[in-house]
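Structural features, examined
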Amino acid sequence: MKYLRKIKLNIKSTIFLFLFLVGFFIVSGYFEYRSRQDEVRRLMNSMTRNITHTINKSAVNSILSYDYINRRVENQMLSVLKYIDFVDSTRHMSPAFINSLIKDSKLKQLAIFHRNLKPIYSNGSNLQMETEQLEKFIDSSNNSAIIEKSDHQVMVFLKRSLGGAIIGIFDGRSMTAFKKNLGIGKFINDITSDSSIVYIAIQDVDGIIAGSRHLDYLSAINYDSFLRSVYIGKSFNYRVTEYKDKPVYESVMPFNVLDTYYGIIRIGLSYEPLQNVKKAALRNLFIRLIILSVIGFIVLSYTMSRNTVESLQKEKERMTREVYDLQKDLREKEKQNAIYQLAAGIAHEIGNPLNALSLNVQRLHRRLSDSDNKNKRMLSLIKSEVNRIDKIIKQFLNFSKPLPLEKARINMTELINEIVEIYEERLKEEKITLDWKPEKDIYVEADWEKIKQSLINLLENAIDSIDENGEIRIDLKHDNGQVELEITDNGRGIEESALSKIFNLFFTTKDEGTGIGLSRVYKIIQNHGGDIRVDSKLGKGTTFSINLPKS
C-alpha cells in the first residue's frame, strides 16, 4: 500500500487504465487464438499430406489392377453384344433365346434397332434414347462401338452388322462397389479408424474411385467450384465444410499415380481440435478478464476512497483557511471599527477647541500692528497648522461614517476610460506612459462614485511613487464570475515589512500622508463584496489587484 500512495491516481485515469488493459487482453487473446488455430491447421495439413503420400504409394497397385479389370469387364460386355450381333446376323433369334442370353450375360436391358431407327427388340420400358443421338451414332464412320459409364450403370453401343444398332445396359453398381472395396479402399478404412479422420475419398470427374467405409455421399467435382479449382489447378487447398450436418476440416489435393493424374483426394478431419482451441482461448480470456475485473475493482475502490480522503483533507484545509481568514478579517474589522469610533470621538471632541483656537488666532492676527511681522508669521503658521488639523479631523469624520452604496449595473470599461481622460494631461506633463487597452465592455454591480474614488486614489498613489521613465498599466478582465482589475506601476515599490500594514488606518509611507486613503479604498472594496491585494518589490514597482463580483 505504501507504494500505491506514491502513485497519483484518479478515477478517470484508473478507468482508462482498466479499459486499456481490457483491450490489451482481448487483442492479445485474439492473436493467441489465431496463433494456436494456425498451428493446429498446420498440423492438420501436415497430417493430411502425410496420409496422402501413404495412400498414394498404396494406391499404385490398386489403381493399375482396377484399370486392368475394368478393361477386361468392358471387353466382356462388348463381347456379349458382338455375340448377339453374330447370332442376329446368321439366324433368327426367338424371344426365349434372347431372354436366356440376357440372363446368362447379366444384361439389365437390351435393345436392337433397325437402320431406319425402328426398334426390332427391347426388353426395357425405361430404355429411352433420342432419335437424333441414335441416328448420329449409326451414321458415324469413326466408332463401331461406344461405352458410357456412370455410378449405377454401363451403357454399350454397337453397330449392327445388318444395319442399325444394338444397345446393352449392364449394372454398374458392382463396378462402383469394386472400386470402393479394392485394396486401396481397405487401406483407407484402416486409416479412418482414427477418430480424428471423418472420411477419405479418392475422386475424379466420374465419381468416387475409392473411399472410406460408410461414405455415402460427397459433392461431385463438376458441381463444386472449390473442388473444381483444385482439380483444374492441381494445387493443395483446405476449407471448413459440413458432412452429415457437422463441421469438417477438409483438405483437398491432387492425386497422382505413376505420373498419371487421376483426380483429387479429399480428407475430412474432425473440426473438434479447432473448436477446442477456440473454447480454450475464450476460457483463458474470460479468466483473465475476471482477474483483471477483480484487480480493477480493488484499485478503483482504493482510488475512490483515497480521492475522497484527499478531497475531504483539501476541503478541511480550505475551510480552515477560510475560518482563519474570516477570523483575521473579523479581528481587523473590529480593530478598525474601534479605531474608527475612537477617531470619530477624538475628532468630534477636538473639533470645537480647534474652532475656538482658530477664531482667537484670527483676532490676535488682526490686533497686531503691521510692523510686527515676526508675530504675524507665527500666528499664520499656527493658523495653517490648525487648518491642517481641521482637514484631518474632517477626513476622520467622513471615514468613520457608514458607506451607503448606491449600487447599479455599471460599465467598468467606461469608468476607467473616464478616469484616464481626467488624468491624460497630467500624465503627459509628468512624462508618464499609461498603458490601457480596453477590449470589450465588462459590467459589475457597484456604486459608480465609490469605485471611481477608489481607482483615483490608487492612480494617485501610482503617480506619486514614480520618479522618472514612469509607466502605469491598467488591465481589466473577467474569469469564473469575477472581474479583476490591476493597476501596475514601475515606481519605487514598497518594503516587504510594510505590505501587511498598507491598508491599516493611519499607516502611510509618505512624508505628508494621512494613512486614510488606502484604508478607505479597502473599506469600499470590502463593502462591495470584493477583495484587494497588493504585490510590490522595492525598486521594481507595485501592483494593486481588485476582484469584484461580475454582474
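We now turn to the structure provided with this report.

The rules behind each value
Every chain's residues receive numbers from 1 upward, in the order its sequence appears when written. A pLDDT threshold of at least 70 governs which residues receive local features in this predicted model, and a stricter bar of 80 or more applies before side-chain atom pairs are shown or counted, although totals over entire chains, interfaces and linings include all residues. For the side-chain quantities, the full set of heavy atoms in the structure was used; hydrogens and water were omitted. Secondary structure counts use DSSP, requiring at least four H or I residues in a row for a helix and at least two E residues in a row for a strand, with both numbered from the N terminus. Accessible area is worked out with a 1.4 Å probe on protein chains only. A residue is then buried under 20% of its type maximum, exposed over 50%, and partly exposed in between. Here, residues are in contact when the closest pair of their heavy atoms is within 4.5 Å. A pair of strands counts as paired when DSSP detects no fewer than two bridges linking them. Orientation is described by axes fitted as lines to C-alpha atoms, over the contacting stretch for helices, and by angles from 0 to 180 degrees between their N-to-C directions. Crossings are classed by handedness, with left-handed meaning an anticlockwise turn of the near helix from the far one by less than a right angle and right-handed meaning a clockwise turn. Put simply, Ala, Val, Leu, Ile, Met, Phe, Trp, Tyr, Cys and Pro go in the nonpolar bin, Asp, Glu, Lys and Arg in the charged bin, and everything else, Gly too, in the polar bin. The arc in question is the one traced by the directions running from the helix axis out to the C-beta atoms. Within 3.5 Å is the distance limit for a polar contact, defined as a pair of N or O atoms, with the added protein rule that one can donate a hydrogen and the other accept it, and that residues adjacent in sequence qualify only through two side-chain atoms. Residues form patches when they are more than 30% accessible in relative terms and have no salt bridge. Like charges link within 9 Å. Nonpolar side chains (Val, Leu, Ile, Met, Phe, Trp, Tyr) link within 5 Å. Here the accessible surface of atoms and residues is derived via Shrake-Rupley with a 1.4 Å probe, and residues count as covered only by protein chains that are part of the display. By salt bridge we mean one thing: a side-chain nitrogen of Lys or Arg within 4 Å of a carboxyl oxygen of Asp or Glu. Put simply, buried Ala, Val, Leu, Ile, Met, Phe, Trp, Tyr and Cys residues joined by side-chain atoms within 4.5 Å make one nonpolar core. Only centres within 6.5 Å qualify two rings of Phe, Tyr or Trp (six-membered ring in Trp) as a pair; their planes then separate them into stacked at under 30 degrees, edge-to-face at over 60, and tilted for everything else. By the criterion adopted, a ring carries a charge over it if an Arg CZ or a Lys NZ lies within 6 Å of its centre and within 35 degrees of its normal. Reported orientations rely on four angle classes, namely roughly parallel under 35 degrees, roughly antiparallel over 145, roughly perpendicular from 65 to 115, and oblique for the rest. Take the residue count of a helix, subtract one, and multiply by 1.5 Å to get its expected span.

Once that is clear, we can look at the overall build of the protein chain. Check the secondary structure of the protein chain and you find 13 helices and 17 strands. Across the 551 residues that make up the protein chain, the buried fraction comes to 37%. A fraction of 63% describes how many contacts in the protein chain between residues 6 or more apart in sequence connect residues 24 or more apart.

The next point concerns the sheet that holds strand β5 (residues 165–171). The strand order across the open sheet formed by five strands is β2-β1-β5-β4-β3, and the pairing between neighbours is antiparallel. Two strands lie at the open edges of the sheet, namely β2 (119–122) and β3 (145–149), each paired on one side alone. Between one strand and the next, the sheet's axes are offset by a mean angle of 10°, whatever the strand orientation. Judged from the three bridges that link them, strand β1 (residues 107–113) and β2 form a sheet pairing that is antiparallel.

With that settled, the discussion passes to the packing of helix α11 (residues 448–464) against helix α13 (residues 517–527). At a closest axis distance of 9 Å, the pairing of α11 and α13 adopts a crossing angle of 145°. Remark: the crossing between α11 and α13 carries left-handed chirality. Of the residues in α13, those in contact with K450, I451, Q453, S454, N457, L458 and N461 of α11 are G517, L518, R520, V521, I524 and I525. Counted by class, the contact of α11 with α13 contains six nonpolar, five polar and two charged residues.

Considered for burial, the residues of helix α7 (residues 225–233) that qualify are F226, L227 and V230. Seen end-on, α7 carries its buried residues on one side only, within an arc spanning 95°. Summarising the geometry of α7, the exposed residues directed more than 90 degrees from the buried face are S225 and I232. In this structure D224 caps α7, since a side-chain oxygen of it lies 3.0 Å from the backbone nitrogen of F226. Looking one or two residues beyond α7, the residue adopting positive phi is K234, at roughly 50°.

Attention now goes to a nonpolar patch on the surface. Together, F286, I287, I290, I291, V294, I295, F297 and I298 make up a nonpolar patch on the protein surface, roughly 790 Å² of accessible area in all. Topologically, F297 is positioned in helix α8 (residues 272–367).

Turning next to the nonpolar core. If you look at the biggest cluster of nonpolar residues, it comprises 40 residues, and the most contacted ones within it are L455, I472 and I532. Every residue in contact with I472, bar those within four places of it in the chain, is listed here: L427, I432, T433, L434, D435, L459, A462, I463, I466, I487, T488 and D489. Core analysis: the second largest hydrophobic core is formed by 22 residues, Y33, M44, I197 and I209 among them.

With that settled, the discussion passes to unusual backbone geometry. The backbone phi angle of K234 is positive, close to 50°, even though this residue is not glycine. If you trace the backbone, K234 turns up in the loop between α7 and β8 (237–243).

So, on to the packing of aromatic side chains. Within this structure, the stated rule accounts for three aromatic pairs. Positioned above the aromatic ring of F137 is the side chain of K159, whose terminal nitrogen or guanidinium carbon lies 6.0 Å from the ring centre. Across from the ring centre of Y443, 4.0 Å away, lies the NZ or CZ of R409, which sits over that ring.

Here the focus is the environment of I166. Position of I166 among the secondary structure elements: in strand β5. C-alpha separation for the pair I166 and Y121, spaced 45 residues apart in sequence, amounts to 9.4 Å. Once you skip the residues sitting within four places of it in the chain, I166 turns out to touch L81, I84, D85, L110, A111, I112, V156, F157, L158 and R160.

Once that is clear, we can look at the pattern of salt bridges. Per the counting criterion, the structure on display carries 13 salt bridges. Between R318 and E322 there is a salt bridge, with its nearest N and O atoms 2.3 Å apart. Of this pair, R318 and E322 both sit in helix α8, four residues apart, which is roughly one turn of the helix. Since its relative accessible area comes to 32%, R318 is described here as partly exposed. Across the pair K428 and E424 runs a salt bridge whose closest N-O atoms are separated by 3.9 Å. Separated by four residues within a single helix, K428 and E424 lie in helix α10 (residues 412–429), roughly one turn from each other.

Below, the discussion takes up the sheet that holds strand β12 (residues 432–436). The strand order across the open sheet built from five strands is β12-β14-β15-β17-β16, with neighbouring strands paired in mixed fashion. Sheet topology places β12 and β16 (531–537) at the edges, where each strand pairs with a single neighbour. Strand-to-strand twist across the sheet, computed as the mean angle between neighbouring axes with direction ignored, equals 15°. Pairing of β12 with strand β14 (residues 470–479), which is carried by five bridges, proceeds in the parallel orientation.

Let us look at the packing of α10 against α11. Contact geometry for α10 and α11: axes closest at 11 Å, N-to-C directions at 40°. Here α10 lies oblique to α11, going by the angle between them. For the crossing formed where α10 meets α11, the hand is right-handed. Within the contact between the two elements, α10 uses M412, E414, L415, I416, E418, I419, I422, Y423, R426 and L427 and α11 uses W448, I451, K452, L455, I456, L459, E460, I463 and D464. Here the contact of α10 with α11 is composed, by residue class, of 13 nonpolar, no polar and six charged.

So, on to the environment of G211. Looking at the secondary structure, you find G211 in strand β7 (residues 207–211). Among the residues examined, G211 registers a relative accessible area of 7% and is labelled buried. Distance in space between the C-alpha atoms of G211 and I200 is 5.6 Å, their sequence separation being 11 residues.

All right, on to the side chain of R266 then. Secondary-structure assignment places R266 in strand β10 (residues 260–270). Under the relative-accessibility criterion, R266 is labelled buried at 2%. Side-chain polar atoms of R266 contact the backbone oxygen of S219, separated by 2.9 Å. At a separation of 3.0 Å, a polar atom in the side chain of R266 contacts the side chain of E250. Leave out the neighbours within four places in its chain, and R266 touches Y199, I200, A201, Q203, L218, S219, L227, R239, E250, S251 and V252.

A few words on α11. For α11, with 17 residues, the first-to-last C-alpha span of 24 Å sits near the 24 Å given by 1.5 Å per residue. For α11, the complete set of buried residues consists of W448, K450, I451, K452, S454, L455, L458, L459, N461, A462 and I463. The distance from a side-chain oxygen at the start of α11 to the backbone nitrogen of E449 is 3.1 Å, and the residue carrying that oxygen is D447.

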